[in-house]
Amino acid sequence: MRRVTYSRNYTISLSRTCQCYCKYCAFATHKAHLYSPDEVDGLLGEAVKRRAKELLVLTGEKPEVNAEVRERLRAHGHDDFVSYVVWTCERALERGLLPHTNLGALSKEDLGRLREVTASQGLMLESINPDLIVHQGSPTKHPAKRLETIRAAGELRIPFTSGILVGIGETPEERVQALAALAEVHAEHGHLQEVILQNFVPHPRYYGAEPAEIADAAQLAGESGAAAAMPAWGSEITLDDMRALVRASQELMPDVGVQIPPNLSDWWLPLIEEGATDLGGLSANGDHISPEHPFPSPQRMRKELEPRGNALAERLCVYPQYMDAEWMEQGVLDTIKTAYWSFIPRRGSGRREERVIRRDLVPGAIERARDGTALGEEELTALFAETRPEAIEEIREAADELRAELAGETVTFVVNRNINVSNVCTVGCAFCGFGQGRRSPDAYEHDRDEFVRRVEEAVEFGATEICMQSGIHPDWALEDYEGWLRLAKEVAPDIHLHAYSAMEVDAMCATSGLPPRAVFERLRAAGLDSTPGTAAEVLHDGVRERISPNKLPVARWVEIIEASHATGLRSTVTVMFGHIEEPWELAEHMRVVRELQERTGGFTEFVPLSFIPHHTLLGRTHGIEELSREENLKHTAVFRLALGRTIPSLQASWVKMGLDAATESLRWGVNDLGGTLMEESISRLAGSQHGVMLTPEQLIGAAHAAGRPAAERTTLYGIRERHELPLAA
Ligand code: SF4
């Protein structure tokens, strides 16, 4: 799944008065135009109301060339226009909006003044041709002048957006030369976060009208105005022209995003497929530069992108790689840390909270863990946060040794089938792409016949286990859950039923009024054989409140799992990691798991589940990206060390990480590859693309590829059939 981004912004055209006379422009005026502080305040309130994260400040160039604007600025207490923009940005930051400014060509000093209060800035290079007819009367549109500003921004370490206009009279060669010029500046300073490829569309001039109002009305109506005629100096652009530019941009600047405005043509989708990465700022109040062209809604774009393997996700105006003190003023960074901390990339340590990571504890912690000793919070935090390759290799080796000691060389797997009877769910976890409201068109509920068919199919396939979990269905009572178990056992009396998360059991307790132990007794009598240790997510109430506030708290999860073990029903235990959790919160999860296992000994295996963000609320609106393979493997090894000798089996989830990474994880402390699954909905609906089933042969092949013998096991780790390594040819 490929991530395509956009920024949820609100545009404020602070002043449209401009010193330039570009022929394509419907935005600029040469009369006095300036929003008053009260108007700015009202617009900022509107931006917050519309849930924008970015404030896009657009202006004409040097509006104070107009005497009346100068006069008004003075009356508001500002010596120049930049001072007023700074004031506006400060007010925006106070309201949690991140300013991105585009004021035209600026001096280095003015860029520096804006840097104090912006998250990013921008300036279109437009073209490399200095003699375009459209730019006559606009001296600051000279490419040398524009590049001077863009270079100065690089020297000041300002995350920057630039781009080109396509179809304003330049030749195809000049377009690529313009991109090459941007690439040269970027090679010097590394500050270009994205390049906009903006096709020119002719539009009427709006004499006497207010583009902001036209844009807002068009955005609300969702309809484009009539197309205007192409002027003599303009040129028609084809999709192939744009495709060539996407490719050129990527070749010249592989680490820079490629942005396509989705409101200026119907070809944004093919250009995304060509490799463009971003759909720009989808302004809640429309496009002030091309006001008659409303932005398509994120929902519409998401629906068009998804079937083509793309996931639409929000970003901030500043790209993640620049979210640190080198690239941003502390005050701006503080706003991100307070309001948008989940967008800050993981760099091995906390995002919301600064904590000292005791790297000095790592060598001793590895040694103690290798001996099976329980590690303290600071030690585990340091291991989860570790970034030094040599220390990570030591973690891997220790985890691998512990695996060999506790589980031997054999890689196990179970032939099983998942059945998710219904995805109807009332809980609404932000990390979930599976649960649906009852009236959602994507909601489903298997009937008895369908359920029986799936059980029969599992038996035919040779499955020894059925793993059954569903959403929290508002109409189901304990009897319904018992009914599914009985029905499964009627069809397949010998099959092992591994069913119902602690959350489902909690729901059964609520509807029946029975305590967990009594519920488990009933379920056991109906055919339940063991319990999945899901719904654990991260066993830290602070994390749970942020990602699934309606889910059962840690103490209740522990109580239910203890009741399961006390009833003689063993369980697995999971962790869902790689989203918003901090390393010390994972340390707490491991403490809870380890202590519970020391009390009951009921866990059969530990299953790390890395978070799949693509079709979840956390992924769409909170900037969470999929964990890298390297981080995934490191965490896997640390989980093994954290468990010590308490839980002998560590499972890799091929659904989450892919079979390739799961095979590699066999060197990182893993001894089990889980199940064949046959159908997998929970990760698939969150955007995982690692398939929904594997055959036993594929799992055996993975073990053999890692140089290890394989064995099919039962749910409770009885060996059914061994598959030794083939003899070398
Ligand atoms: S994770 Fe489970 S409880 Fe939460 S919304 Fe999804 S299906 Fe419902």
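Residues numbered from 1 in each chain as written. Predicted model: local features only at pLDDT ≥ 70, side-chain atom pairs only at ≥ 80, totals over all residues. Heavy atoms only, no water.

> With reference to specific residues and values, describe the overall build of the chain.
Helix and strand counts for the chain come out as 26 helices and 19 strands. For 729 residues, the compact-globule estimate of 2.2 N^0.38 gives 27 Å, and the C-alpha radius of gyration of the chain, at 29 Å, lies within 12% of that figure. Projected onto its principal axes, the C-alpha positions of the chain cover 85 × 55 × 55 Å. Out of the 729 residues belonging to the chain, those deemed buried represent 61%. With 77 positive and 109 negative side-chain charges, the chain shows a separation of 2 Å between the mean positions of the two kinds. (Helix = DSSP H or I, 4+ residues; strand = E, 2+ residues; numbered from the N terminus. Rg over C-alpha atoms; globule rule 2.2 N^0.38 Å. Buried < 20%, exposed > 50% of the residue type's maximum accessible area, 1.4 Å probe, protein only. Lys, Arg positive; Asp, Glu negative; His and termini not counted. Charge placed at Lys NZ, Arg CZ, Asp CG, Glu CD.)

> Please set out the packing of aromatic side chains residue by residue, giving values where relevant.
Under the criterion given, the structure shown has 11 aromatic pairs. On the basis of an interplanar angle of 55° and a centroid distance of 4.9 Å, the ring pair of Phe451 and Trp484 is categorised as tilted. Residue Phe451 is located in helix H15 (residues 448-461), and its partner Trp484 is located in helix H16 (residues 478-491); the two are separated by 33 residues in the primary sequence. A relative accessible area of 10% places Trp484 in the buried class. (Phe/Tyr/Trp six-rings, centres within 6.5 Å; stacked < 30°, edge-to-face > 60°.)

> Describe the packing of helix H6 (residues 172-189) against helix H8 (residues 239-252), naming the residues involved and giving the relevant values.
Direction vectors running N to C along H6 and H8 enclose 25°, while the axes themselves pass 10 Å from each other. In terms of orientation, H6 and H8 fall into the roughly parallel class. As H6 runs across H8, the sense of the crossing is right-handed. Along its contact with H6, which presents Arg175, Val176, Leu179, Ala180 and Ala183, the element H8 presents Asp241, Leu245, Ala248, Ser249 and Leu252. (Axes fitted to C-alpha atoms, helices over the stretch in contact; angles between N-to-C directions. Parallel < 35°, antiparallel > 145°, perpendicular 65-115°, else oblique. Left-handed = near helix turned anticlockwise from the far one by under 90°. Contact = heavy atoms within 4.5 Å.)

> Go over the site of the ligand with me, naming the residues and quoting the values.
In the vicinity of the ligand, the contacting residues are Cys425, Val427, Gly428, Cys429, Phe431, Cys432, Phe434, Gly435, Gly471 and Lys551. Grouping the constituent residues of the shell around the ligand by class yields six nonpolar, three polar and one charged. (Near = heavy atom within 4 Å. Nonpolar A, V, L, I, M, F, W, Y, C, P; charged D, E, K, R; others polar.)

> So what's going on with the pairing of strand E2 (residues 54-59)? Residues and values would help.
Of all six residues in E2, six are buried, a share of seventy percent or more. Neither face of E2 is open: one carries Glu54, Leu56 and Leu58, the other Leu55, Val57 and Thr59, and all of them are buried. Chirality of the crossover, the property in question, places the unit of strand E1 (residues 2-15), helix H1 (residues 37-49) and E2 among those that are right-handed. Sheet analysis places E2 next to strand E3 (residues 98-102), joined by five bridges and oriented parallel. Of the residues in E3, the one forming a bridge with Leu58 is Asn102. (Right-handed = clockwise from strand over helix to strand, strands pointing away. Pairing = 2+ DSSP bridges.)

> Lay out the nonpolar core with the relevant residues and their values.
Among the nonpolar cores identified, the biggest contains 204 residues, and Leu197, Tyr500, Leu523 and Trp557 are the most heavily contacted of them. When residues of this core are assigned to their parent elements, the largest contribution, eight residues, is made by helix H3 (residues 81-94). Judged by nonpolar contacts, the second largest core, of 16 residues, contains Tyr24, Leu56, Leu58 and Ile168. (Core = buried A, V, L, I, M, F, W, Y, C linked by side-chain atoms within 4.5 Å.)

> Give me the pattern of salt bridges: which residues, what numbers.
Here the structure, examined in full by the defined rule, presents 65 salt bridges. Linking Glu457 and Arg453 is a salt bridge whose minimum nitrogen-to-oxygen distance equals 2.8 Å. You can see Glu457 and its partner Arg453 sitting in helix H15, four residues apart, about one turn around the helix. By relative accessible area, Arg453 is classed as partly exposed at 36%. One continuous salt-bridge network, built from bridges that share partners, spans Arg417, Glu450, Arg453, Arg454, Glu457 and Glu679. (Salt bridge = Lys/Arg side-chain N within 4 Å of Asp/Glu carboxyl O.)

> Talk me through the environment of Lys49; I want residue IDs and the actual numbers.
Here Lys49 shows up in helix H1. Using a relative accessible area of 64% as the deciding quantity, one classes Lys49 as exposed. For the pair formed by Lys49 and Ala526, sequence separation is 477 residues and the distance between their alpha carbons is 52 Å.

> Run through the packing of H15 against H16, naming residues and quoting values.
In the contact formed by H15 and H16, the axes pass within 10 Å of each other and the chain directions differ by 45°. Overall, the two elements H15 and H16 adopt an arrangement that is oblique. Crossing hand, H15 versus H16: right-handed. Here Arg448, Phe451, Val452, Val455 and Glu456 of H15 come into contact with H16, specifically with Trp484, Leu487, Ala488 and Val491.

> An account of the pairing of strand E19 (residues 719-723) is needed here, citing residue identities and associated values.
Relative to E19, strand E18 (residues 710-713) runs antiparallel, the two sharing four bridges. Bridge pairing in E19 links Arg713 to Ile719.

> Hey, could you go over the side chain of Asn416 for me, with residue numbers and the actual values?
Take Asn416: it is sitting in strand E11 (residues 416-419). A residue is classified by how much of its surface remains accessible, and Asn416, at 4% relative accessible area, is buried. Here the side chain of Asn416 touches Glu465 through a polar contact of 3.0 Å, side chain to side chain. (Polar contact = N/O pair within 3.5 Å; in protein donor to acceptor, adjacent residues only side chain to side chain.)

> So what's going on with the sheet that holds strand E10 (residues 411-414)? Which residues, and what values?
The strand order across the open sheet formed by four strands is E17-E10-E18-E19, and the pairing between neighbours is mixed. Two strands bound the open sheet, and with one partner strand each, they are strand E17 (672-675) and E19. Pairwise comparison of adjacent strand axes, ignoring direction, gives a mean angle of 20° for this sheet.

> Help me get a handle on unusual backbone geometry, residues and values and all.
In this structure, Glu126 is a non-glycine residue whose phi angle is positive, near 75°. Mapping Glu126 onto the fold places it in the loop between strand E4 (120-122) and helix H5 (143-155). A positive phi angle, near 75°, is found at Tyr717, a position not held by glycine. Secondary-structure assignment places Tyr717 in the loop between E18 and E19.

> Explain the environment of Thr101 residue by residue, including any values.
You can see Thr101 is positioned in strand E3. With a relative accessible area of 1%, Thr101 lands in the buried category. When the C-alpha positions of Thr101 and Pro231 are compared, they lie 29 Å apart, and in sequence the two are 130 residues distant. Ignoring any residue separated from it by four or fewer positions in sequence, one finds Thr101 in contact with Val57, Val85, Cys89, Leu114, Thr118, Ser120, Gln121 and Gly122.

> Please give an account of helix H7 (residues 211-221) that cites residues and values.
Within the span of H7, buried status applies to Pro211, Ala212, Ala215, Ala218 and Gln219. End-on view of H7: buried residues confined to an arc of 130°, all on one side of the axis. Those residues of H7 that are exposed and aimed more than 90 degrees away from the buried face are Glu213, Leu220 and Ala221. Looking at the residues trailing H7, positive phi occurs at Gly222, about 70°. (Arc of directions from axis to C-beta.)

> Explain the environment of Leu539 to me, and be specific about the residues and the numbers.
Along the chain, Leu539 turns up in the loop between strand E14 (530-531) and helix H19 (541-547). Its relative accessible area of 0% is what places Leu539 among the buried residues. A sequence separation of 46 residues divides Leu539 from Glu585, and the C-alpha atoms of the two residues are 7.9 Å apart. Not counting the four nearest positions on each side in its chain, Leu539 is found in contact with Arg544, Val554, Trp557, Glu588, His589, Val592 and Val593.

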